[in-house]
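Results of the structural survey
The residues making up each chain are set out below.
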2 protein chains.
Amino acid sequence: MGRAAKFDREAAVEICMHEIWRNGFEACSVKALSEKLGITRSSFYNAFGSREDLFLEVLARYFTQTPDRVLGTVDAKTPVRRLLTDFFKDVCRTRATDPDAKGCLAVNCISELVGVDETLGPVLENTVHAGIDRLEAVLETAAANGEIENDSHLREKALALQNLLIGLSVLSRVVHSEKELLSVAKQTLTGLGLYDEHSSSTSHPALTE
Amino acid sequence: MGRAAKFDREAAVEICMHEIWRNGFEACSVKALSEKLGITRSSFYNAFGSREDLFLEVLARYFTQTPDRVLGTVDAKTPVRRLLTDFFKDVCRTRATDPDAKGCLAVNCISELVGVDETLGPVLENTVHAGIDRLEAVLETAAANGEIENDSHLREKALALQNLLIGLSVLSRVVHSEKELLSVAKQTLTGLGLYDEHSSSTSHPALTE
DNA sequence: CACTTTTTGTCCAGAGGTGTATAAAAAATA
DNA sequence: TATTTTTTATACACCTCTGGACAAAAAGTG
């Protein structure tokens, strides 16, 4: 019942997310972010606590929007190869259609923060490990329902998938052609026995560069 | 016939390279680098011109030391699959044995500078494209001497190799086990038809994590 | 010694930013 | 009106840094 906040917190986090995504975390000072939001530094600190806390909020929000949400929707009946193929196609399209070619926020910040920032670095490390865990779980589902062979190397296959994802995220900063990114994904997934030929292209034909 | 420089320029570039590699370019101010070198800012500017010029010198020096030098040694008789396999093994070992897990200087700086710094960003973009070109040339050699099939998709295969390399560079910031990195490389190379089973392990058995 | 190059130190004028504290004003509700 | 929360503005004390200019000192050679 006190004064209402002047700005929409969700919208503010979204704006900060894009600034950090485009310019990197270190380049986004509290002063610069406050100005971008049209509020004073005092209001920024009152609303978000600190730049580090804001970053954690940004990360959380980012993960509600990333293509890899679908990896958490897997159940015993999910056709995993189709899901993975669709997922990587979605990643390629998302990265290729981004006008700023910003890549992936989390992957961008690995270079910047892991081994450098004692608080945020480990957060990003955990993000990568969680991603590998999730991919492994997805592969376990595939093995359980006979889609792929369980050759006791699912962890390694999950690592290779995460590597493909990370690589695409960085490569897309430089290579902007969806077709080229898709060819990388297709080749690597095919080699891992995970490419689904009949996968939906989600109603969009592959775009030419 | 004037005064001699007080410091060894090569050694200075090496020191700066490690600082930038470990902390990122933006974090390395002229003041900090000068202090690290034990010289004044004036001497820094006199010797290197600018921080951007220094960075270009650092990059050039870095590329004289990176594992991918071997890709330029290919001639018509080179067994390409062995060379590529050895190369990726070397990359995995180099990254895994780095006590700081610094990854790859050039790849680290992509996130930081591409799309952000108008001068240095394009330099790094060109580096990536040059890497793809070089891999494509290597694959053309392999096709010419019958090691692999020339299916008119060598450019795409080169892209997939570059993606593997970039992925490993970033992944190694988080995953420090050489064995795990090697498994990623092996799986992906195998899938691309480029893994050489009899490749030398360069007299070091794979280290366990 | 003269000449040259490098190093040093200082200044300029400016730029950018930090977290914390505090008081007043503003906005909302009862 | 009183109460509460948010916003604003300001101060503190400090920090960090920039490129360029310039003069003097230092170091090396002829």
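Residues numbered from 1 in each chain as written. Chains lettered and ligands numbered in written order. Predicted model: local features only at pLDDT ≥ 70, side-chain atom pairs only at ≥ 80, totals over all residues. Heavy atoms only, no water.

**A few points about empty space enclosed by the protein**
Which entries qualify depends on this criterion: For cavity detection a 1 Å grid was placed over the protein atoms alone, and a set of points counts as a cavity when a 1.4 Å probe fits there but cannot get out; an open set counts as a pocket when protein lies on both sides within 12 Å along at least five of seven lines, with lining residues being those that have an atom within 4 Å of a point. Grid points are joined across faces, edges and corners, and a volume is the space filled by probe spheres set on the points. Only runs of H or I of at least four residues qualify as helices and only runs of E of at least two qualify as strands under DSSP, and these elements are numbered from the N terminus.
Using the criterion set out here, one finds one cavity of 30 Å³ or more in the structure. Taken as a whole, the largest cavity holds about 40 Å³ of empty space. Ala160, Asn163, Leu164 and Thr188 of chain A together with Ala160, Asn163, Leu164 and Thr188 of chain B are the residues that line the largest cavity. Elements with a contribution of two residues or more to the lining of the largest cavity: helix 8 (154-171) of chain A together with helix 8 (154-171) of chain B.

**A short note on the interface of chain A and chain B**
Quick reminder of the rule: Contacts between residues were defined by any pair of non-hydrogen atoms, one from each residue, lying within 4.5 Å. Buried surface area refers to the total accessible area, computed with a probe of radius 1.4 Å, that the two partners give up upon joining, counted for both partners together. By the criterion applied in these results, polar contacts are pairs of N or O atoms within 3.5 Å in which, for protein atoms, one can donate a hydrogen and the other can accept it, and in which residues neighboring in sequence qualify only through two side-chain atoms. When residue character is reported, Ala, Val, Leu, Ile, Met, Phe, Trp, Tyr, Cys and Pro are called nonpolar, Asp, Glu, Lys and Arg charged, and the others, Gly included, polar.
Listed as interface residues are 33 residues of chain A and, on the opposing side, 33 residues of chain B. When the two sides are added together, the surface that chain A and chain B hide from each other amounts to roughly 3,000 Å², 63% of it contributed by carbon and sulfur. Our count for the contact surface shared by chain A and chain B stands at ten residue pairs in polar contact (both at pLDDT 80 or more). Mapped onto the side of chain A that touches chain B, the elements with two or more residues apiece are helix 6 (105-113), helix 7 (120-144), helix 8 and helix 9 (178-191) of chain A. Broken down by element, the residue count for the side of chain A that touches chain B peaks at twelve residues, all from helix 8 of chain A. For the side of chain A that touches chain B, a count of residues per class yields 17 nonpolar, ten polar and six charged.

**Digging into helix 5 (residues 80-97) of chain B**
Residues and elements named next belong to chain B. Filter applied, for reference: By this rule, a helix spans an expected 1.5 Å times one less than how many residues it contains. For each residue, the accessible area found with a 1.4 Å probe, counting protein chains only, is set against the maximum for its type, and the residue is called buried under 20%, exposed over 50%, and partly exposed in between.
Under the 1.5 Å per step criterion, the end-to-end length of helix 5 is 25 Å for 18 residues, consistent within 8% with the ideal 26 Å. The complete set of buried residues in helix 5 reads Val80, Leu83, Leu84, Thr85, Phe87, Phe88, Lys89, Val91, Cys92, Arg93, Arg95 and Ala96. In this structure, the buried residues of helix 5 make contact with helix 1 (9-23), helix 4 (51-63), helix 7 (120-144), helix 8 and helix 9 (178-191).

**Here we look at the protein's contact with DNA strand D**
Which entries qualify depends on this criterion: The criterion for a residue being near a molecule or strand is simple. One of its heavy atoms has to lie within 4 Å of it.
Among the 22 residues in the neighbourhood of DNA strand D, the closest are listed as Lys6 and Ser42 of chain A together with Met1, Val30 and Tyr45 of chain B. Taken together, the sugar and phosphate atoms account for 65% of what DNA strand D places within 4 Å of the protein. Here Val30 of chain B contributes a backbone N or O atom positioned 2.6 Å from a phosphate oxygen of DNA strand D. One of the side-chain N or O atoms of Arg41 of chain B is found 3.1 Å from a base nitrogen in DNA strand D. Contributions of two or more residues to the surface near DNA strand D are made by helix 3 (41-48) of chain A together with helix 2 (30-37) and helix 3 (41-48) of chain B. Looking at side-chain class alone, the surface near DNA strand D contains nine nonpolar, eight polar and five charged residues.

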